Amino acid sequence: ETGVTQTPRHLVMGMTNKKSLKCEQHLGHNAMYWYKQSAKKPLELMFVYNFKEQTENNSVPSRFSPECPNSSHLFLHLHTLQPEDSALYLCASSQPPGQINTGELFFGEGSRLTVL
Amino acid sequence: QQQVKQSPQSLIVQKGGIPIINCAYENTAFDYFPWYQQFPGKGPALLIAIRPDVSEKKEGRFTISFNKSAKQFSLHIMDSQPGDSATYFCAASRSYNQGGKLIFGQGTELSVKP
């Protein structure tokens, strides 16, 4: 497999459920990201990991909990979500910030989350 | 100051037309301006990018025009095709320190009619 793979592609959960989104990249990158995409709104950066360390938390509510066990895998743990959290959650990877590079993000196809 | 404002929100053109999508930013520290293309059911993918040391960049039918003094940049699609129908996002970042931490515009949904 190549690129950035996200699972599941679709998820429906109740407000009291606990679920996780998974992302895996096969590009040899060391930076990974979670973005939230809601209809008619800009993509919102949620979290950034560089070399497995979290370097950015963009004021994300604690009901979203990221985990990065290694440079190839990224998880987003979800618990007690609200209906307004329904969105497409995109994972991306890149060469880490701080180096002179294009900054190109490689995105997965996203996990479509619906909170009932 | 961190916002990137994109317009129009949606655009319909005939095949062969030249759709133009505009973006404006305020943070003068931004020095990397990419455009991403997203097809339904797919993640965004880098289309073309520019740095502020040039005023124009072309890649195939896609051209970015950049106006540093006005803090604006735009995407032109020459000889547009139905296969170009997608959502286009402009973005900006401070590439040296914040490479992948892009600030995105709201997106423009482009439809190219046959």
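Up top is the structure.
Overview of the structure. Here the structure is a predicted model, which means the values were calculated and not measured.

So, how was this worked out
Residues numbered from 1 in each chain as written. Chains lettered and ligands numbered in written order. Predicted model: local features only at pLDDT ≥ 70, side-chain atom pairs only at ≥ 80, totals over all residues. Heavy atoms only, no water. Phe/Tyr/Trp six-rings, centres within 6.5 Å; stacked < 30°, edge-to-face > 60°. Buried < 20%, exposed > 50% of the residue type's maximum accessible area, 1.4 Å probe, protein only. Helix = DSSP H or I, 4+ residues; strand = E, 2+ residues; numbered from the N terminus. Disulfide = S-S within 2.5 Å.

This brings us to the packing of aromatic side chains. Residues and elements named next belong to chain B. A full pass over the atoms with the stated rule returns 16 aromatic pairs over all chains. Aromatic pair Tyr25 and Phe33: ring centres 4.8 Å apart, planes at 45°, arrangement tilted. When its relative accessible area of 0% is taken as the criterion, Phe33 is described as buried. Seen from their ring centres, Phe33 and Phe66 are 4.8 Å apart, and the 45° between their planes marks the pair as tilted. Of the two residues, Phe33 is situated in strand β4 (residues 33-38) and Phe66 in strand β7 (residues 62-67); the sequence distance between them amounts to 33 residues. The two residues Phe33 and Phe66 agree in class, both being buried.

Take unusual backbone geometry next. Along the chain, Thr7 of chain A connects to Pro8 of chain A via a cis peptide bond; the corresponding omega equals -10°. Mapped onto the elements, Pro8 of chain A comes out in the loop between β1 (4-7) and β2 (10-13). With omega at -5°, the peptide bond leading from Ser7 of chain B into Pro8 of chain B counts as cis. Position of Pro8 of chain B relative to the elements: it lies in the loop between β1 (4-7) and β2 (10-14). Even without a glycine there, the phi angle at Thr80 of chain A is positive, about 45°. Tracing the sequence through the fold places Thr80 of chain A in the loop between β8 (73-79) and β9 (87-94). Since its relative accessible area comes to 42%, Thr80 of chain A is described here as partly exposed.

Let us now look at the state of the cysteines. As used in these notes, a disulfide is a covalent bond between sulfur atoms, one from each of two cysteines. Applying the stated rule across the entire model yields 2 disulfides over all chains. Note on cysteine connectivity: Cys23 of chain A is disulfide-linked to Cys91 of chain A, with sulfurs 1.9 Å apart. The sign of the S-S torsion, about -75°, decides the handedness of the disulfide formed by Cys23 of chain A and Cys91 of chain A: left-handed. Taken together, the residues Cys23 of chain A in strand β3 (residues 18-25) and Cys91 of chain A in strand β9 connect sequence positions 68 residues apart. The same class applies to Cys23 of chain A and to Cys91 of chain A, which are both buried. Between the sulfur atoms of Cys23 of chain B and its disulfide mate Cys90 of chain B the distance is 1.8 Å.

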